[in-house]
Amino acid sequence: AAVGIGFYGNSETNDGVYQLTYSLDDANHTLAGIDTLVSGTSYKLKESLDQHLLRLNEIFAAHGDYVQTLRFMQIMANGVINQLSTLPNWQDTSGKLSLVARQTRVVEYYRWLSYLFLFIFDLVICLMTCLGLAKRSKCLLITMLSFGLITVLLSWTSLALDTSSAV
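Predicted model only: the values in this text are computed from it and were never measured.

1. Overview of the overall build of the protein chain
- On a plain count of helices and strands, the protein chain comes out with four helices and zero strands.
- Going from the N terminus to the C terminus, the protein chain shows its helices and strands as α-α-α-α.
- Its C-alpha atoms give the protein chain a radius of gyration of 32 Å, clearly above 15 Å, the size a compact globule of 167 residues would have.
- Dimensions along the principal axes, computed over C-alpha positions, put the protein chain at roughly 110 × 20 × 20 Å.
- The buried share of the protein chain, taken over its 167 residues, is 20%.
- In the protein chain, the share of contacts with a sequence separation of at least 24, taken over all contacts with a separation of at least 6, comes to 75%.
- Surface exposure of the protein chain reaches about 12300 Å², of which carbon and sulfur atoms provide 68%.

Rendered as structure tokens:
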């Protein structure tokens, strides 16, 4: 029963870490998209709007009130560009999120694999102990109980490691 619960818990932990890494990748994609949109908008405002305002300024050079309105629009556009340039740059953060997700996947793979081997080892010990009991072999029974004790110590150590890493 304990080995079955262990397999179930190992599977649930693996699913949870997979969801975590998927969420980190999704957040990374969102932050990279935000950074791309902000930089693209800033560039288009600087280049395209300036060209159009200069062309309109040439067209309406004879009308003073239109030129004044165009200057006001230029000031407003520069204000928007300044505000966009003060937004934080998310490239460093998105790179770090990607690195954390990648490292978490690697650590989780080896954690999952080591627990799988531990539970398979537990099953082999249980089967060999049952065989020793069935054959009434004291040597086999003592050997398997010794391995069982070692497995219990490994399980407690892994529990302590999981608890400390969770904290």
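2. Focus: the UniProt feature "transmembrane region" (unreviewed entry) in the protein chain
- As annotated in UniProt, the feature "transmembrane region" (unreviewed entry) corresponds to residues 112–133 and 140–161 in the numbering used here.
- Strand forms 0% of residues 140–161 and helix 100%; the C-alpha atoms that close the span are 31 Å apart.

3. What to know about the layout of surface pockets
- Put simply, the second largest pocket is a space of about 210 Å³.
- Around the second largest pocket, the lining comprises 10 residues; the ones closest to its centre are V107, R111, L161, D162 and S165.
- Its residues assigned to classes, the lining of the second largest pocket shows five nonpolar, three polar and two charged.

4. Observations concerning the environment of L49
- You can see L49 is positioned in helix α1 (residues 2–59).
- For the pair L49 and A77, spaced 28 residues apart in sequence, the C-alpha to C-alpha distance is 7.9 Å.
- Residues in contact with L49, not counting those within four places in the same chain, are K44 and A77.

5. Let's talk about helix α2 (residues 64–85)
- Compared with an ideal rise of 1.5 Å per residue, which puts 22 residues at 32 Å, α2 spans 31 Å between its outermost C-alpha atoms and is within 8% of the ideal.
- Within α2, burial applies to V67, L70, A77, I81 and L84. Projected down its long axis, α2 carries its buried residues within an arc of 95°, all on one side. With respect to the buried face of α2, the exposed residues turned more than 90 degrees away are G64, D65, Q68, R71, F72, I75 and Q83.

6. So, a nonpolar patch on the surface
- Judged by side-chain polarity, F121, F147, I150 and L154 come together as a nonpolar surface patch covering roughly 340 Å² of accessible area.
- For the nonpolar patch, the element with the most residues is helix α4 (residues 138–166), which contributes three residues.
- Locating F121 in the fold gives a position in helix α3 (residues 91–135).

Parameters and conventions
Residues numbered from 1 in each chain as written. Predicted model: local features only at pLDDT ≥ 70, side-chain atom pairs only at ≥ 80, totals over all residues. Heavy atoms only, no water. Helix = DSSP H or I, 4+ residues; strand = E, 2+ residues; numbered from the N terminus. Rg over C-alpha atoms; globule rule 2.2 N^0.38 Å. Buried < 20%, exposed > 50% of the residue type's maximum accessible area, 1.4 Å probe, protein only. Contact = heavy atoms within 4.5 Å. Areas by Shrake-Rupley, 256 points an atom, 1.4 Å probe, with all protein chains shown as cover. UniProt positions renumbered as here; feature names shortened; annotations may be inferred. 1 Å grid on protein atoms, 1.4 Å probe; cavity = no way out; pocket = protein on both sides within 12 Å on 5 of 7 lines; lining within 4 Å. Points joined across faces, edges and corners; volume = space filled by probe spheres on them. Nonpolar A, V, L, I, M, F, W, Y, C, P; charged D, E, K, R; others polar. Expected span 1.5 Å × (residues − 1). Arc of directions from axis to C-beta. Patch = residues over 30% accessible without salt bridge, like charges linked within 9 Å, V, L, I, M, F, W, Y side chains within 5 Å. Salt bridge = Lys/Arg side-chain N within 4 Å of Asp/Glu carboxyl O.

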